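What follows is the residue order along each chain.
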Amino acid sequence: MVFHNFDELIDKVKGAPTRKRMAVAVAGDKHTLEAVLHARKEGIIVPVLVGDKPVIMDVLKELLESVPEEDIYHIADEREACEKAVSLVKEGKADFLMKGKVDTGVILKAVVNKENGLGKEGGIMSHFTMFDVPGYHKILLPVDGGMVTYPTLEQKKGIIENTVETLRSMGYDCPKVGVLACIEKVNPKMPETIEARELQEMNERGEIKNCIVEGPISYDCAVDEEIARFKGLDSKIAGDVDVLVAPNIHAGNIMGKMLACTCKARLAGFIVGAKCPIVLTSRGSSAEEKYLSIVVSAAAAN
């Protein structure tokens with residue numbers, strides 16, 4: 001299966017037999033709580049709020065909302081609040097994590113703590129983004145535009161594995177992955193094309209599982225089968241790609257912002273590769289982006 005748009009995904013999450021519990025670290029932020037309470041109203045999550053309780057209560061009062069006392073943990077210190085939110089996930093009292101009004105570095109430090117964090121042994125954390133793009137027939141996932149700056153070959157393999165594993169937890173059968181470059185042939189002077197072909201060969205050898213990986217492939221060929229045919233590209237994914245692997249964070253970030261700002265795509269994003277999804281939107285994220293990121297994370301928190 002695949003998701004063609006966010007509405008399909010929302011319907012699936014709403015229809016889940018149980019609601020996921022989401023721990024919000026440093027939860028006293030109005031925009032974050034608006035998104036969290038929207039997701040609660042839709043029957044998607046049960047919020048567990050960690051932070052300065054008087055601040056949280058003031059925001060809830062302003063929003064004319066309430067949360068049960070047992071689901072609010074009063075910890076005024078930001079670092080300690082992040083550590084507590086992480087521990088709630090480790091203890092099974094929450095299914096996934098969301099960043100509230102706190103610097104990204106503070107919450108990630110708690111997440112990657114070797115003794116008490118949520119990191120996986122030998123793994124890599126990466127940014128997972130989904131875009132509902134007008135003009136494309138299904139959800140599109142450009143990665144990684146927000147976490148790994150200049151990924152090595154092994155890190156690109158990890159990014160693909162993180163993304164595919166997350167998609168499969170959401171119900172995808174065999175995601176189609178295009179490793180992007182500006183051309184479709186290997187050029188020894190372009191290391192991105194060499195690594196793209198190596199990733200395809202890893203997939204063909206069974207080292208990258210449960211997906212189809214092709215590379216190098218240009219963006220136009222990946223999303224338009226007619227262009228690929230015109231260029232003479234023999235491809236199993238052209239025009240039907242799910243995942244677009246960028247050569248570096250700049251290309252991934254530009255591609256994502258182009259889709260959002262120019263193409264008016266709806267988007268959701270979170271961190272994968274830890275023991276649970278981590279909703280980690282930027283300060284400039286819209287209320288809808290925060291809400292959709294919660295929805296997608298709830299779908300992936302299996």
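Residues numbered from 1 in each chain as written. Predicted model: local features only at pLDDT ≥ 70, side-chain atom pairs only at ≥ 80, totals over all residues. Heavy atoms only, no water.

Engineer: Explain the layout of surface pockets to me, using residue names and the numbers behind them.
Structural biologist: In this structure, the second largest pocket spans a volume of roughly 270 Å³. What lines the second largest pocket is a set of 16 residues, and nearest its centre among them are Ala274, Cys276, Pro277, Ala300 and Asn302. Elements with a minimum of two residues in the lining of the second largest pocket: helix H6 (153-169) and strand S10 (266-272). In terms of residue count, the dominant contributor to the lining of the second largest pocket is H6 (four residues). Along the lines of polarity and charge, the residues of the lining of the second largest pocket split into seven nonpolar, five polar and four charged. (1 Å grid on protein atoms, 1.4 Å probe; cavity = no way out; pocket = protein on both sides within 12 Å on 5 of 7 lines; lining within 4 Å. Points joined across faces, edges and corners; volume = space filled by probe spheres on them. Helix = DSSP H or I, 4+ residues; strand = E, 2+ residues; numbered from the N terminus. Nonpolar A, V, L, I, M, F, W, Y, C, P; charged D, E, K, R; others polar.)

Engineer: Account for the pairing of strand S2 (residues 45-51), naming residues and giving values.
Structural biologist: Note on strand geometry: in a regular strand, side chains alternate between the two faces of the sheet. Of all seven residues that make up S2, seven are buried, and the element is covered over most of its length. Residues Ile45, Pro47, Leu49 and Gly51 of S2 are buried on one face, and the alternating residues Val46, Val48 and Val50, pointing to the opposite face, are buried as well. Examined bridge by bridge, strand S1 (residues 20-25) and S2 share six bridges and lie parallel to one another. Pairing of Ala25 across the sheet is with Val50, part of S2. In terms of handedness, the path from S1 via helix H2 (residues 30-41) over to S2 forms a crossover that is right-handed. Sheet topology places S2 next to strand S3 (residues 72-74); three bridges connect them, and they run parallel. Within the sheet, the bridge partner assigned to Leu49 lies in S3 and is Ile72. (Buried < 20%, exposed > 50% of the residue type's maximum accessible area, 1.4 Å probe, protein only. Pairing = 2+ DSSP bridges. Right-handed = clockwise from strand over helix to strand, strands pointing away.)

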